Amino acid sequence: MKRKINLWEYAETILEHLQRGVLLTSKAGEQVNTMTISWGTLGIEWSKPIFTVFVRENRFTRQLLEQNPEFTINIPVGGCDPKILGICGTKTGRDTDKFHIAGLTQEEPEVVSVPAIRELPLTLECRIVYKQPQDPQAITEENRAAFYPQDVDASFPGANRDYHTAYYGEIVAAYLIEE
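Each chain carries its own residue numbering, running from 1 in the written order of its sequence. Totals for whole chains, interfaces and linings use all residues, but because this is a predicted model, local features are given only for residues with pLDDT of at least 70 and pairs of side-chain atoms are given and counted only at 80 or more. Values shown for side chains rest on all heavy atoms present in the structure; no hydrogens or waters enter the calculation.

**Q** How should the overall build of the protein chain be read in this particular structure?
**A** Only DSSP runs of H or I covering at least 4 residues are called helices, and only runs of E covering at least 2 are called strands; the numbering of each starts at the N terminus. A count of helical and extended segments in the protein chain gives five helices and 10 strands. Between the two quantities, the radius of gyration covers C-alpha atoms and the globule rule is 2.2 Å times the number of residues to the power 0.38. Rg of the C-alpha trace for the protein chain: 16 Å, near the compact-globule value of 16 Å for 179 residues, within the 12% margin. In terms of overall dimensions, the protein chain has a C-alpha envelope of 50 × 40 × 30 Å along the principal axes. Think of it in three bands: residues with accessible area under 20% of the maximum for their type are buried, residues over 50% are exposed, and the middle band is partly exposed, with areas taken using a 1.4 Å probe on protein chains only. Evaluated residue by residue, the protein chain yields a buried proportion of 45% over its 179 residues. Pairs at least 24 apart in sequence give 73% of the contacts found in the protein chain among residues at least 6 apart. Charged residues are defined narrowly, with Lys and Arg counted positive, Asp and Glu counted negative, and His plus the chain ends left uncounted. For this purpose, a charge sits on NZ of Lys, CZ of Arg, CG of Asp or CD of Glu. In the protein chain, the 18 positive side-chain charges and the 25 negative ones have mean positions that sit 3 Å from each other. Throughout, a residue-residue contact means that at least one pair of heavy atoms, one from each residue, lies within 4.5 Å.

**Q** What is the right way to read the side chain of Glu70 from this model?
**A** Looking at the secondary structure, you find Glu70 in strand 6 (residues 70-75). Engagement of the side chain of Glu70 in a polar contact is seen with the side chain of Ser113, the distance being 2.6 Å. Distance and chemistry together define a polar contact, namely a pair of N or O atoms within 3.5 Å, with one atom able to donate a hydrogen and the other to accept it when in protein, and with adjacent residues in sequence counting only for side-chain atoms on both sides.

**Q** Can you walk me through the pairing of strand 2 (residues 22-28) in this structure?
**A** Walk down a regular strand and you will see the side chains alternate between the two sheet faces. Among the seven residues of strand 2, six are classified as buried, and the element is accordingly described as predominantly covered. Each pair of strands is called paired provided DSSP finds at least two bridges between the two strands. Where strand 2 and strand 3 (residues 31-37) come together, seven bridges link them in antiparallel fashion. Across the sheet, Thr25 pairs through a bridge with Thr34, a residue of strand 3. Connecting strand 2 to the next strand, strand 3, in antiparallel fashion are two residues, including Gly29 with a positive phi near 60°. As paired strands, strand 2 and strand 6 are joined by three bridges and run antiparallel to one another. Bridging across to strand 6, Thr25 finds its partner in Thr72.

**Q** Sorry if this is basic, but what is going on with the nonpolar core here?
**A** In globular proteins that are soluble, nonpolar side chains generally tend to be buried together. Among buried residues, those of type Ala, Val, Leu, Ile, Met, Phe, Trp, Tyr and Cys that are joined through side-chain atoms within 4.5 Å constitute a nonpolar core. Ranked by internal contacts, the top residues of the largest apolar core, which has 27 residues, are Ile14, Ile37, Phe51, Val53, Ile73, Leu122 and Leu124. Elements with a contribution of two residues or more to this core: helix 1 (11-20), strand 2, strand 3, strand 5 (48-56), strand 6, strand 9 (122-133) and strand 10 (164-177). Once you skip the residues sitting within four places of it in the chain, Ile37 turns out to touch Leu18, Gly21, Val22, Leu24, Phe51, Val53 and Ile73.

**Q** Could you clarify how one ought to interpret the packing of aromatic side chains in this entry?
**A** Centres within 6.5 Å are what make two rings of Phe, Tyr or Trp a pair, Trp counting through its six-membered ring; a difference in plane orientation under 30 degrees is then read as stacked, over 60 as edge-to-face, and the rest as tilted. Counting across every chain of the model gives five aromatic pairs. Seen from their ring centres, Trp46 and Tyr168 are 6.3 Å apart, and the 50° between their planes marks the pair as tilted. Taken together, the positions of Trp46 in the loop between strand 4 (40-45) and strand 5 and Tyr168 in strand 10 put the pair 122 residues apart, joining distant regions of the chain. The class for Trp46 is partly exposed, based on a relative accessible area of 47%. Look at Tyr148 and Tyr163: their rings are 4.5 Å apart centre to centre, the planes differ by 20°, and that puts the pair in the stacked class. With Tyr148 in the loop between helix 5 (141-147) and strand 10 and Tyr163 in the loop between helix 5 and strand 10, this pair connects stretches of sequence that are 15 residues apart. Each member of the pair, Tyr148 as well as Tyr163, is classed as buried. Ring-pair connections join several aromatic residues into one group, and the members of that group are Trp46, Tyr130 and Tyr168.

**Q** Explain the environment of Gln150 here, please?
**A** Relative to the assigned elements, Gln150 resides in the loop between helix 5 and strand 10. Residues Gln150 and Leu124, spaced 26 residues apart in sequence, show a C-alpha to C-alpha distance of 34 Å.

Pasting the structure below:
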């Protein structure tokens, strides 16, 4: 069962959990993937509630978002096994079924085509209304050095030499999955 929520009554909870990690779930065709994120914003733009996510260029999630402009944000209110965020933050969905490995259960969405996740019950369903690749020259030197080091071997897992694309998702549904 899903209980609709007032998004703004949960804003503080959403942002607190974002700092520790939430899941960004995407889907294209029959492929569903989820990844841990801790970068995002919650706000209002164009008079609409927006959740903006930042996804690196080389991520499988970005590939799916480019094929289907919808996503869900899945927030672990009430706690969840910390291994879930670890698995979804270190494995790639290109060749791994993270839902199976992490023991996640897909729930039917209300508006978008991307599922919610039962184990992370606070769900935001989002439809992309704008996207923007980062301009490396507009990032401060301090942040470029800290988050986009170019002097690391690109073949090293987690090298993170690539930049992000910002995806602005209009929040079209917000709810808690309840047993």
